[in-house]
Amino acid sequence: MRVTVSRRAHFNAAHRLYRKDWSFEKNENVFGLCNNPNYHGHNYELIANVTGEIDQETGYVIDVKILKDIIKAEVEDVFDHKNLNLDVPEFKDLNPTAENIVVVIYNKLKANLDSKFDLEVVLYETPRNFVTYSGK
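The following paragraphs examine the structure supplied in this document. (Residues numbered from 1 in each chain as written. Predicted model: local features only at pLDDT ≥ 70, side-chain atom pairs only at ≥ 80, totals over all residues. Heavy atoms only, no water.)

1. Quick notes on the sheet that holds strand 5 (residues 130-133)
Now for step 1: Read across the sheet, five strands follow the order 3-1-2-4-5 without closing on themselves; strand pairing throughout is mixed. This sheet does not close on itself; its edge strands, each paired only once, are strand 3 (82-83) and strand 5.
Now for step 2: One ladder, built from seven bridges, connects strand 2 (residues 40-53) with strand 4 (residues 118-124); its direction is antiparallel. Residue pairing in the sheet places leucine 46 in a bridge with leucine 123 of strand 4.
Now for step 3: Against the sheet, helix 2 (residues 64-79) contacts strand 1 (2-15), strand 2 and strand 3, and its axis sits at roughly 20° relative to strand 1. (Pairing = 2+ DSSP bridges. Helix = DSSP H or I, 4+ residues; strand = E, 2+ residues; numbered from the N terminus. Contact = heavy atoms within 4.5 Å. Axes fitted to C-alpha atoms, helices over the stretch in contact; angles between N-to-C directions.)

Structure (structure tokens):
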């Protein structure tokens, strides 16, 4: 019996979508308002879905407190109220699009989970715009 356990989290962060190797005009054309040199922010919602076998002894797939603590340490403490471009090392040379952010978060969480678990991360940039990544 494989069951998925989910944990929702929230963080606020600013970013700017642009490529350093492009002209301002090309960045403006591709990224529009998201290329604002003064940055802009989002209230991100994150859902981490961990799938695995139910442990016969505990009845858990994973203790939700463990998942909560991993998300807090690896995502909330690192990203919340930060400028992703300036404050988060993973985005020094990586454009912080929602697609890239979800992959970075996935990698940070996956590195802290037992390999027996499957992981899927859903990241809402706005209530209507979201991305999903499961390592494939």
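2. Examining the packing of aromatic side chains
Now for step 1: In total, this model carries six aromatic pairs according to the counting rule given.
Now for step 2: Linked through ring pairs, Phe11, Tyr44, Phe79 and Phe91 together constitute an aromatic cluster.
Now for step 3: A cation over a ring is seen here: lysine 26 above tryptophan 22, with NZ or CZ 4.4 Å from the ring centre. (Phe/Tyr/Trp six-rings, centres within 6.5 Å; stacked < 30°, edge-to-face > 60°. Lys NZ or Arg CZ within 6 Å of the ring centre and 35° of its normal.)

3. Digging into the nonpolar core
Now for step 1: Ranked by size, the top nonpolar core spans 32 residues in total, and within it Phe79, Ile105, Leu109 and Leu123 carry the most contacts.
Now for step 2: Looking at this core, the element that brings in the most residues is helix 4 (residues 98-110), giving seven residues.
Now for step 3: When neighbours within four sequence positions are excluded, isoleucine 105 is seen to be in contact with Phe11, Leu46, Val75, Phe79, Val121 and Leu123. (Core = buried A, V, L, I, M, F, W, Y, C linked by side-chain atoms within 4.5 Å. Buried < 20%, exposed > 50% of the residue type's maximum accessible area, 1.4 Å probe, protein only.)

4. Quick look at the pairing of strand 5
Now for step 1: Burial along strand 5 is one-sided: the residues Val131 and Tyr133 are buried and none of Phe130 and Thr132 is.
Now for step 2: Across four bridges, the pairing between strand 4 and strand 5 is antiparallel. Along strand 5, the bridge assignment pairs valine 121 with tyrosine 133.
Now for step 3: Adjacent in sequence and paired antiparallel, strand 4 and strand 5 are bridged by five residues.

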